[in-house]
Amino acid sequence: MTLFPQLLQARLTEALTSLDAELPEGFRVDVSQSTDARFGDYQSNSAMVLAKRLKKNPRELAQAAVDAGTWGGLCEPPEIAGPGFINFTISPKVLEGHTLSIFRDAHLGVPQADPAETVVIDFSAPNVAKPMHIGHIRSTFIGDALSRIARFLGHRVITDNHIGDWGTQFGMIIYGWKKHLNKAALQEDAIRELLRIYREVNSEAKADEAILQACRDELVNLQQGDPTNHAIWKETVELSLEQLRGVYDWLGISFDHYLGESFYNDQLGPLVDDLLEKGLAEESDGAICMFFRDIPALEEKPAIIRKSDGGYNYATTDLATIDHRVATWKADQIWYVVGAPQQLHFQQIFEATKRRGHDVRMTHVAHGSILGKDRKLMKTRSGDNVQLLDVLQEAVERARKIIEEKNPTLSEDEKRDIAEAIGLGAVKYAELSQHRMTDYIFSWDKMLSFQGNTAPYLINAYVRTRSIFRKLGEEVSFPDTITLEEDGERTLAMKLSQFGEIVPDLLNDFRPNLLANYLYELAQSFHSFWEKCPVLKSEGATRASRLLLCELTSRVLKQGLDLLGIRVTERM
Ligand code: ARG
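Residues numbered from 1 in each chain as written. Predicted model: local features only at pLDDT ≥ 70, side-chain atom pairs only at ≥ 80, totals over all residues. Heavy atoms only, no water.

Here we come to the overall build of the chain. From N to C terminus, the chain includes 21 helices and 13 strands. If you line up the chain on its principal axes, its C-alpha atoms span 85 × 65 × 40 Å. Relative to its 572 residues, the chain shows a buried fraction of 53%. Counting only contacts in the chain whose residues sit at least 6 apart along the sequence, the fraction spanning at least 24 positions is 73%. By element, 48% of the accessible surface of the chain is carried by carbon and sulfur atoms, the whole surface being about 26600 Å². Seen as two clouds, the 65 positive and the 82 negative side-chain charges of the chain have centres 4 Å apart. (Helix = DSSP H or I, 4+ residues; strand = E, 2+ residues; numbered from the N terminus. Buried < 20%, exposed > 50% of the residue type's maximum accessible area, 1.4 Å probe, protein only. Contact = heavy atoms within 4.5 Å. Areas by Shrake-Rupley, 256 points an atom, 1.4 Å probe, with all protein chains shown as cover. Lys, Arg positive; Asp, Glu negative; His and termini not counted. Charge placed at Lys NZ, Arg CZ, Asp CG, Glu CD.)

Before going further, it helps to spend a moment on the environment of Tyr264. Looking at the secondary structure, you find Tyr264 in the loop between helix 10 (227–251) and helix 11 (265–277). Through-space distance from the C-alpha of Tyr264 to that of Thr317 is 6.3 Å; in sequence the pair is 53 residues apart. Ignoring anything within four residues of it in the chain, the contact list for Tyr264 reads Asp160, His162, Leu259, Thr317, Ala320, Thr321 and His324.

For the rest of this paragraph, the subject is empty space enclosed by the protein. This model, assessed by the stated rule, comprises one cavity of 30 Å³ or more. Taken as a whole, the largest cavity encloses approximately 50 Å³ of empty space. Lining the largest cavity we find Ile142, Glu431, Leu432, Gln434, His435, Arg436, Phe510, Arg511, Pro512 and Asn513. (1 Å grid on protein atoms, 1.4 Å probe; cavity = no way out; pocket = protein on both sides within 12 Å on 5 of 7 lines; lining within 4 Å. Points joined across faces, edges and corners; volume = space filled by probe spheres on them.)

By the definition in use, this model includes 19 aromatic pairs. Seen in terms of ring centroids, Phe526 and Trp530 are 6.1 Å apart; in terms of plane orientation they differ by 20 degrees. Their pairing is stacked. In this pair, Phe526 and Trp530 both sit in helix 20 (residues 512–532), four residues apart, roughly one turn of the helix. In this structure Phe526 comes out as buried when scored by relative accessible area, which is 0%. Residue Trp530 is classed as partly exposed on the basis of its relative accessible area, which comes to 26%. Of the aromatic side chains, those joined through ring pairs into one cluster are Phe123, Tyr248, Phe255 and Tyr258. (Phe/Tyr/Trp six-rings, centres within 6.5 Å; stacked < 30°, edge-to-face > 60°.)

Moving on: helix 12 (residues 314–329). In a regular helix each residue adds 1.5 Å, so 16 residues correspond to 22 Å; helix 12 covers 22 Å between its end C-alpha atoms and thus fits that length. Once helix 12 ends, the next one or two residues include Lys330, with phi positive near 55 degrees. (Expected span 1.5 Å × (residues − 1).)

Next up on the list: the layout of surface pockets. If you add up the space inside the second largest pocket, you get close to 650 Å³. Lining the second largest pocket are 21 residues, and of these Pro5, Val31, Glu501, Ile502 and Asp505 lie nearest its centre. Taken together, the elements giving at least two residues each to the lining of the second largest pocket come down to helix 1 (4–20), strand 1 (32–33), helix 19 (499–505) and helix 20. Considering each element in turn, the lining of the second largest pocket owes the most residues, five residues, to helix 19. Of the residues contributing to the lining of the second largest pocket, the split by class is eight nonpolar, seven polar and six charged. (Nonpolar A, V, L, I, M, F, W, Y, C, P; charged D, E, K, R; others polar.)

This part is about the environment of Ser284. Along the chain, Ser284 turns up in strand 7 (residues 282–284). For Ser284, a relative accessible area of 25% gives the class partly exposed. Separated by 24 residues in sequence, Ser284 and Ser308 have C-alpha atoms that sit 8.9 Å apart. Sequence-distant contacts of Ser284, defined by excluding residues within four places in its chain, comprise Cys289 and Phe291.

With that settled, consider the packing of helix 17 (residues 455–472) against helix 20. Packed helix pairs are specified by the crossing angle of their axes together with the interaxial distance, meaning the distance between the axes. As a packed pair, helix 17 and helix 20 sit with axes 10 Å apart at the nearest point and diverge in direction by 40 degrees. The orientation of helix 17 relative to helix 20 falls into the category oblique. Considering the relative orientation of helix 17 and helix 20, their crossing is left-handed. The residues of helix 20 that touch helix 17, namely those facing Tyr457, Leu458, Ala461, Arg464, Thr465 and Ile468, are Leu519, Tyr520, Ala523, Gln524, Phe526, His527 and Trp530. (Axes fitted to C-alpha atoms, helices over the stretch in contact; angles between N-to-C directions. Parallel < 35°, antiparallel > 145°, perpendicular 65-115°, else oblique. Left-handed = near helix turned anticlockwise from the far one by under 90°.)

The sheet built from three strands is open, its strands ordered 7-8-9 with antiparallel pairing. What marks the edges here is a single partner per strand, and that holds for strand 7 and strand 9 (303–306). Ignoring which end each strand starts from, the neighbouring axes of this sheet average 50 degrees apart. Where strand 7 and strand 8 (residues 287–290) come together, three bridges link them in antiparallel fashion. Note on strand 8: the bridge partner recorded for Glu283 is Ile288. On top of the sheet, helix 11 reaches strand 7, strand 8 and strand 9; it is set at about 120 degrees to strand 9, its chief contact. (Pairing = 2+ DSSP bridges.)

Two orientations exist for strands paired in a sheet by backbone hydrogen bonds: parallel and antiparallel. Overall, parallel pairing links the four strands, which are arranged 6-5-10-11 in an open sheet. Edge positions in the sheet fall to strand 6 (156–160) and strand 11 (361–365), since each of these pairs with one other strand and no more. The average angle at which neighbouring strand axes cross in this sheet is 20 degrees, direction not considered. Pairing of strand 5 (residues 118–122) with strand 6, which is carried by five bridges, proceeds in the parallel orientation. Residue pairing across strands places Thr118 opposite Arg156, the latter belonging to strand 6. Packed onto the sheet, helix 5 (residues 136–152) meets strand 5, strand 6, strand 10 (333–337) and strand 11 and runs at close to 150 degrees relative to strand 10.

Honestly, that's just the spatial picture; any functional story needs more than this.
Quick look at the structure:
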């Protein structure tokens, strides 16, 4: 499916070329969506840019291009505005035809990626034996949305949860397991019990050096393969994973793989030996390091890949992980959805990977933090991390109260289902409607409001489209031609056609928030269409066209929200 900006770009390029025979090197005609409907559907500043380079008058050049171009079968004769903008309005017939073809397209007008690539997405990745906390919202939801978007665009996506299942925390957990474990509590809620023993040992170790040493010994024993410690480790990981999976299921998030840090243990020794042999790593103060002396930002920041005590660390594991992803999955790209504080780590491993000769493009899709009302990192009253599960449960409970008020006659099952869709959707949407680098304040009132740029508002817009068809009662057969006469119809059709322009753009710089904004604007266009253009009371071709617009809006809203990992309901 070819999009309007590309078609306009081709026409304008042709027009400009015919004037000047050859356009200067590196000059590309640019066409973008108009920011204001008064200036048509699309606009270009290219005549101005070109005029500057050719030292010509911009308005005259724009006029000459408009005069020289052929516009029939695409848009009205373009208009010139201001210092030399060219404004385009798509012809009614063309927009009608395009709307129909989107309606018939399984991808709703979204062109498929060319070439399709194998993309490994590394996200969520909590450290096990600790519950996920509110901070995990960002990586988890952004990563899930990116994987849905990339799949929809036709990429081969592999999601891999690189859980932290081999950290130093296991020294304390094993020590605590042996000394303080309450088996019944473990059965009841494994992660809570593991967190309890971890906290207890942590404070004991702070007060008593001997206990700290005992924990270190337990860790060394684990690393050296002591069977008891290994069995305890294995059980804690399994119990934690079981609970993690429960949370992901509830959120509608799935991973193709859970290859945690421990999966790479056997490969770390050989990897370091290989780096030494190739001269890519060297000894420094007893540790083995990779230096990046030629990279200014990393000049004094070597990556330690084997500590002086012989232990390996986070960076070593990440290098082994890349080997696996390239060798086994043939990854073309790897995206790491991880908080901004790990920027240095990723700079190092990306640079190291380049030196090792892997041909894979890697991106750190960084994100900011979630803040409380006081603009500080969100904590509970006792100063602990706010647990993710508590947040999600509260969201669903709050949504439930709102549903009870709005629509008390719904059945119990429906209420539960809708509260879940709205509650979880609200938390996801609050995250995904922000630029990923923005630190945002977590606000229940804002995210659960039915007004404004929120999940409830968008789900409600979808429900409205469905209620039209329920009221209609009969099977609708959609027409083969449509007419767009009123402004409300035209604006809505134009907005719908832009779904295909927005979605591919989301992966430029990884911004699902652009999709959120788009869906919000679409819902607004739908509401004003709905107010100005009666659907059920209209007749004949007008009614058929309007019903088609309603149906297409419904599909785009549902698909768009699905790309954000948000589920719609048929009623609310
Ligand atoms: N477990 C890590 C943490 O909690 C995140 C892992 C991110 N992925 C990676 N391949 N390093 O900070």
